[in-house]
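# Structural description and commentary
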Amino acid sequence: MLRSYLKICWEHPKRLLALATVMTVLLAVFTYGKLDFNADRTALFKASAGEKARQAEFERRFGGWHDLVLVVDGGTSDEREGTVRELASFLGASSLVTDVRAKVELPGVEHLGLYFLSLEELRRIDDSLAKNQEILKRMSRDGWYGFLEYLQERDLSSDAAGKNREKFAEVWKQAVDGRGVAELDDLFPRVDLPQRSFYIDGRNRHLIFFRSEDPLRIKEEIAGKADQIPFSGRIVLTGQPLLQAEERQETIRDAVVSTIVAIVVVQLILILGFRETARPRLAFLSLVFGLLWSVAWAAATVGALNIITINFIAITVGLGVDFSIHILARYAEESEASDGSVEAMERTLRTTGVENLVGAIATSLAFWALTLTEFLAVQQLGLITGVAVPLCFLSVVTLLPPLLFWREQRLSQNSAAPFEFEMGPGLLKLEKRVRRRPGFWLLLATLAIFVMGIFGGRVRFDYNLLNMQSGTSEAVRYEKEGGFNSLAAFVVADSPAQARELQKRLRALPAVSEVQTVAELVPEHVVAKRPLVESIVRRVKELPRPAFDPSAKPDWERMERLANSLSGNGDPEPWVLHLKNSGPGPVEDVWRQMQSHLKSQLDHMLERLAHQDTHFDIEAWKKHSPDLKRLSNLDGKTLLRVRAKHSLWERPVLVEFLDQVEMVTDKGIGPPFLIRNYLEQLRKSYFDAVRYAILAIVVLLFLHFRALVPTLIALVPKVVGAVGMFFAMAVFSIDLNPANCMALPLTLGIGLVFGIHAVHRLLESEEVLLVQGGTGKAIALSAWTTIASFGTLMVASHPGIFSLGFVMATGVGANMLATYLLVPPLIELSRNQLSRKK
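Residues numbered from 1 in each chain as written. Predicted model: local features only at pLDDT ≥ 70, side-chain atom pairs only at ≥ 80, totals over all residues. Heavy atoms only, no water.

With that settled, the discussion passes to the environment of Ser797. With respect to the helices and strands, the residue Ser797 is situated in the loop between α30 (774-791) and α31 (799-837). Classification of Ser797 by relative accessible area gives partly exposed; the value is 35%. Side-chain polar atoms of Ser797 contact the side chain of Glu250, separated by 3.0 Å. (Helix = DSSP H or I, 4+ residues; strand = E, 2+ residues; numbered from the N terminus. Buried < 20%, exposed > 50% of the residue type's maximum accessible area, 1.4 Å probe, protein only. Polar contact = N/O pair within 3.5 Å; in protein donor to acceptor, adjacent residues only side chain to side chain.)

Right, dumping it as structure tokens:
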């Protein structure tokens, strides 16, 4: 069957290539525009049905938590409020922005102030009005004269009366000292409430929440507007949508650049390795078909790439080109010993082709092992690349032969020129020495590997997702500096009353900095308060309007006589003597100020209290305030926003914070909970992927070699490669993170073919030197192309992608070195046993 196909390739190369081209073009047309990129971290892991239902319910009630946040930091309170108003107006007028929330409006609150007081406070006000009805009437007629005359006419000889006298005397003294401003809460109930409540974070930050489908563009517009506002503080746009949009832009740019660089660099390495341009071009052309098939597969299966799967093309380039290199190198050798191109290609595919197939299957299994994990993004990487690698192998073994045959027919000569890639005389001498004293060399290598393992064990896992984003982002820098933390937990209470209780308990937690809820702005026990409000309004309406003239000339003698009576024994008050000695001018000024302030207080009380709504309907009131209705639904469900004292991007802080919140309530929801689940799934998936990959590779190799010893020898480069990878990470202070943590299970499959080729080649003859034959050269060339394809990821500005490139490149490099330095001595030590097995 293989020979028949190769004959068709020789006889009809152009037809085969045309057919493959048409099919690939149709696939490209089908998948055009169907493969997107999703930067939402919640899409990286698999949420349970309960989590999905809770999130859907939260979004239905409260609009979700995917808000952009404009932080107005620093300056004075008045400056911040003015800046917030101007920015809110600007955002409201922008076509890019929806749902701007800078403050919670409280409609008609001037008529509802009494309902915001407690029942006890209302009873105290009602009692005070009942007891002080007469004095308030006198004060409305004569001002402070009425106040003093009322006290003079009362019998204040009893103990209770004496206490009242002391209280009123203190009120009077404060009024004189403060030019009329006195502590008169017992007489004049204060119900001043703001008509709006700004969103704040701590003492020095005001917040504006809004939505936008284009966070990057609105960021630029806000920056231009901020330059025009004379604000002494700092204006920063942040929020999960912006961080994700910046990451999306950066990741796509890095992926495109790294893919282009990978293609160019791999081509250059192939040209240098083969000392020509023709065969490298054909090799890469055969791979392009497989890459396009892989893109179609990704579009059909996942539809959207993420931060982990976005670089699968760059990864596949490095893996797929290995198949071409080994086939070209072996084909060049077989052409010298075969009668014709078809026979040479047949021998190549039956030897190196089979080894490539085993390597492709092993690598594919390493990726497919990722689909057994719980982490959705890792599953998708396994699903995409686990098929992409066999597709690239298929495109190489099916299309590279007709491409080579077509070229040979056009040139009327065999295209399999000798493979002249030179390894260098130093490696040749080293391999000879190693094979002469294999035991001694392996002992040294074991000690070196042990030392590297100790150093590599120091590598830690960095769970901070903020460290995976570029430091050039102002939002990232601001959060790292300890500014506003865009991560906040939410709690959904069943009622405003429950929200207040939860707020009190959550604020007491050591890990919590503040708890905000609109329940603070929603009155409670309205039905129970209504009779008290009616009584207060009725009493206030019975009081006359202030009729005295504050600007009238004061009657000094009358005031002095009445004031002295406050002492109870007729003795002059010290403050009276002080005023009297200061002359008539200051006395008149003080008195007019006192009378004026008193009239203002009386007017305020009568105006505000007399018009309180005695038929207040809280549900109807909420309907007139979208912000209130959104944060406290009509059925009572009320939202609390809980912020941590420290950065929730740090996993220990995140876990401690959520553990404490969950001790208080099980109603928590929001990004911190999702990120915790994300990190837990990722950590578990990491260990699962390693176990599954090792199991799959060991089983496959054992089935291929059908013997334990060659299986173990072929595995040695993989183990040493992993140790070397962690050693390099420790030396260069690179931690594992959510972007590069899958490097270990991937390197177990990537480059596995090195060990397979080396073992087969060295078992062919005792005289064969790995670095001298075509196989050894192909291993080196394919390793360098793989290293280059992963190394190109290091051009990325995204820290996670950069670290992935470093980790994979060092892992493959260590794998290559282990193949050359450890497989030959191991084969030498085991040759007798392997010969008997063979």
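So, next bit.
Another point: the pairing of strand β10 (residues 512-517). Across the six residues of β10, five count as buried, placing the element largely inside the fold. With five bridges connecting them, β10 and strand β11 (residues 638-644) associate as antiparallel partners. Across the sheet, residue Val512 finds its bridge partner in β11, namely Ala644. (Pairing = 2+ DSSP bridges.)

Turning our eyes to something else, we now look at the sheet that holds strand β3 (residues 97-101). In spatial order, the strands read β3-β6-β2-β7; together these four strands make up an open sheet with antiparallel pairing. In the strand order of this sheet, the two ends are held by β3 and β7 (234-238), each with one partner. Each neighbouring strand pair of the sheet contributes to a mean axis angle of 20 degrees, computed without reference to strand direction. Pairing of strand β2 (residues 68-73) with strand β6 (residues 205-212) involves six bridges; the strand directions are antiparallel. Each bridged residue has a counterpart across the sheet, and for Val71 the counterpart in β6 is Leu207. Contacts from helix α4 (residues 77-92) reach β2, β3, β6 and β7, with the element oriented near 5 degrees to β6. (Axes fitted to C-alpha atoms, helices over the stretch in contact; angles between N-to-C directions. Contact = heavy atoms within 4.5 Å.)

This paragraph deals with the environment of Thr517. Among the secondary structure elements, Thr517 is positioned in strand β10. For Thr517, a relative accessible area of 7% puts it in the buried group. If near-sequence neighbours (up to four positions away) are discounted, Thr517 is found in contact with Ala499, Gln503, Thr638, Leu639 and Leu640. Within the structure, the side chain of Thr517 is placed 3.0 Å from the backbone oxygen of Leu639, a separation counted as a polar contact.

Let us look at the pattern of salt bridges. Evaluated as defined, the whole model comprises 25 salt bridges. In this structure, Arg85 engages Glu81 in a salt bridge whose closest nitrogen and oxygen atoms are separated by 3.6 Å. Of this pair, Arg85 and Glu81 both sit in helix α4, four residues apart, which is roughly one turn of that helix. You can call Arg85 partly exposed: its relative accessible area is 41%. A salt bridge links Asp494 to Lys637; the shortest N-O distance between them is 2.6 Å. Within this pair, whereas Asp494 is found in the loop between β9 (489-493) and α18 (496-507), its partner Lys637 is found in the loop between α24 (626-631) and β11, the two being separated by 143 residues in sequence. The class of Asp494 is partly exposed, set by a relative accessible area of 33%. Overall, Lys637 belongs to the partly exposed group, its relative accessible area being 24%. Residues joined by salt bridges that share partners form a network here, namely Asp67, Asp99, Arg101 and Arg211. (Salt bridge = Lys/Arg side-chain N within 4 Å of Asp/Glu carboxyl O.)

Let us look at the packing of helix α10 (residues 240-274) against helix α11 (residues 278-301). Packing of α10 against α11 brings their axes to within 8 Å, and their N-to-C directions diverge by 140 degrees. Taken together, α10 and α11 sit at an angle that is classed as oblique. Of the two possible hands of crossing, α10 and α11 adopt the one that is right-handed. Only Arg279, Pro280, Arg281 and Phe284 of α11 make contact with α10, whose side of the interface consists of Ile263, Gln267, Leu270, Ile271 and Phe274. Residues of the contact of α10 with α11, tallied by class, amount to six nonpolar, one polar and two charged. (Parallel < 35°, antiparallel > 145°, perpendicular 65-115°, else oblique. Left-handed = near helix turned anticlockwise from the far one by under 90°. Nonpolar A, V, L, I, M, F, W, Y, C, P; charged D, E, K, R; others polar.)

What follows concerns the side chain of Arg676. With respect to the element layout, Arg676 can be found in helix α26 (residues 671-705). Relative accessible area serves as the criterion here: at 16%, Arg676 is assigned to the buried category. Here Arg676 is in contact with Leu654, Leu658, Asp659 and Glu662, once residues within four sequence places are set aside.

Attention shifts here to the packing of aromatic side chains. Considering all chains together, one arrives at eight aromatic pairs under this definition. Both rings, one in Trp10 and one in Phe405, keep their centres 5.2 Å apart while their planes meet at 75 degrees; by these two values the pair is edge-to-face. Residue Trp10 is found in helix α1 (residues 2-11), and its partner Phe405 is found in helix α14 (residues 376-411); the two are separated by 395 residues along the sequence. Judged by its relative accessible area of 0%, Phe405 is buried. With 5.3 Å between their ring centres and 85 degrees between their planes, Tyr199 and Phe209 make a pair best called edge-to-face. (Phe/Tyr/Trp six-rings, centres within 6.5 Å; stacked < 30°, edge-to-face > 60°.)

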